[in-house]
Amino acid sequence: MSKPISSSAALPIAYVLLRILIVVNFLMLAVILALLVVLPNEEWIMISFKLSPSPEAERLVMGLRAIAVLGLAAIPFNHAVLKRLLAIIKTVRAGEPFVAANASRLQAIAWVLLALNLLSIVIGVIANAVSTPAHPLHMNAGFSINGWLVVLLTFVLARVFAQGALLREDVEGTV
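Residues numbered from 1 in each chain as written. Predicted model: local features only at pLDDT ≥ 70, side-chain atom pairs only at ≥ 80, totals over all residues. Heavy atoms only, no water.

**Here's the deal with the overall build of the protein**
- For the protein, the count of helices and strands is five helices and zero strands.
- In the protein, the order of α-helices and β-strands from amino to carboxyl end is α-α-α-α-α.
- Since a compact globule built from 175 residues should have a radius of gyration of about 16 Å, the 21 Å found for the protein marks it as more spread out than a globular shape.
- Dimensions of the protein, computed from the C-alpha atoms along their principal axes, are close to 75 × 25 × 25 Å.
- The burial tally for the protein puts 35% of its 175 residues in the buried class.
- By sequence separation, contacts in the protein at least 24 residues apart represent 77% of the contacts at least 6 residues apart.
- Summing over all exposed atoms, the protein offers an accessible surface of approximately 10,700 Å²; the carbon and sulfur share of this is 71%.
- The average position of the 12 basic charges and that of the 8 acidic charges among the side chains of the protein differ by 9 Å. (Helix = DSSP H or I, 4+ residues; strand = E, 2+ residues; numbered from the N terminus. Rg over C-alpha atoms; globule rule 2.2 N^0.38 Å. Buried < 20%, exposed > 50% of the residue type's maximum accessible area, 1.4 Å probe, protein only. Contact = heavy atoms within 4.5 Å. Areas by Shrake-Rupley, 256 points an atom, 1.4 Å probe, with all protein chains shown as cover. Lys, Arg positive; Asp, Glu negative; His and termini not counted. Charge placed at Lys NZ, Arg CZ, Asp CG, Glu CD.)

Structural data, given as structure tokens:
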């Protein structure tokens, strides 16, 4: 068992930031639910986007609702990533980063990031499908090379941590 490493300022800051992001993620759940259930009726959305009743307007309203539902689907994915990152930070603070549990956590994070990237593409497709020249719908969604690089990097890091855990077990076994 390793002794705790001297903590840099990054670990406590990351820990606090992740805790804040968990709260923000739940606030987003409340906001999206309010947008889907409480606030919007078709008239409110049409006034917000300065739309007149038409098939084009109905398509935009339905697209926005579909995007909001997909936003709800992202909440548990985000939560899964944030909780696993918190657990990894705890092991790093304890001086035990290369454990099998962290490799598993990183593997799970990689799969969740893959799902989130696919979800972003679906949202981007919906936004493009309902967007019109008269009423463009600008979404920060769709294919992102950076998002896919993060997925690949996380899968690689998961493997690195798995190897590190095995090496650590070998070293501890020979001492």
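Still more to cover.
**Quick word on a nonpolar patch on the surface**
- Where nonpolar side chains cluster on the molecular surface, the patch consists of Val 16, Leu 17, Ile 20, Leu 21, Val 23, Val 24, Leu 27, Met 28, Val 31, Leu 35 and Trp 44 and spans about 930 Å² of accessible area.
- With ten residues, the top contributor of residues to the nonpolar patch is helix H1 (residues 10-38).
- On the secondary structure map, Trp 44 appears in helix H2 (residues 42-48).
- Given the relative accessible area of 40%, Trp 44 is considered partly exposed. (Patch = residues over 30% accessible without salt bridge, like charges linked within 9 Å, V, L, I, M, F, W, Y side chains within 5 Å. Salt bridge = Lys/Arg side-chain N within 4 Å of Asp/Glu carboxyl O.)

**What to know about the packing of aromatic side chains**
- The full count for this structure, using the stated rule, is two aromatic pairs.
- A ring pair is formed by Trp 111 and Phe 155, whose centres lie 5.0 Å apart and whose planes are at 85 degrees; its orientation type is edge-to-face. Within this pair, whereas Trp 111 is found in helix H4 (residues 100-130), its partner Phe 155 is found in helix H5 (residues 145-174), the two being separated by 44 residues in sequence.
- Above the plane of the ring of Tyr 15 lies Arg 93, whose end atom (NZ or CZ) is 5.3 Å from the centre. (Phe/Tyr/Trp six-rings, centres within 6.5 Å; stacked < 30°, edge-to-face > 60°. Lys NZ or Arg CZ within 6 Å of the ring centre and 35° of its normal.)

Keep in mind that these numbers describe shape and distance, not what the molecule does.
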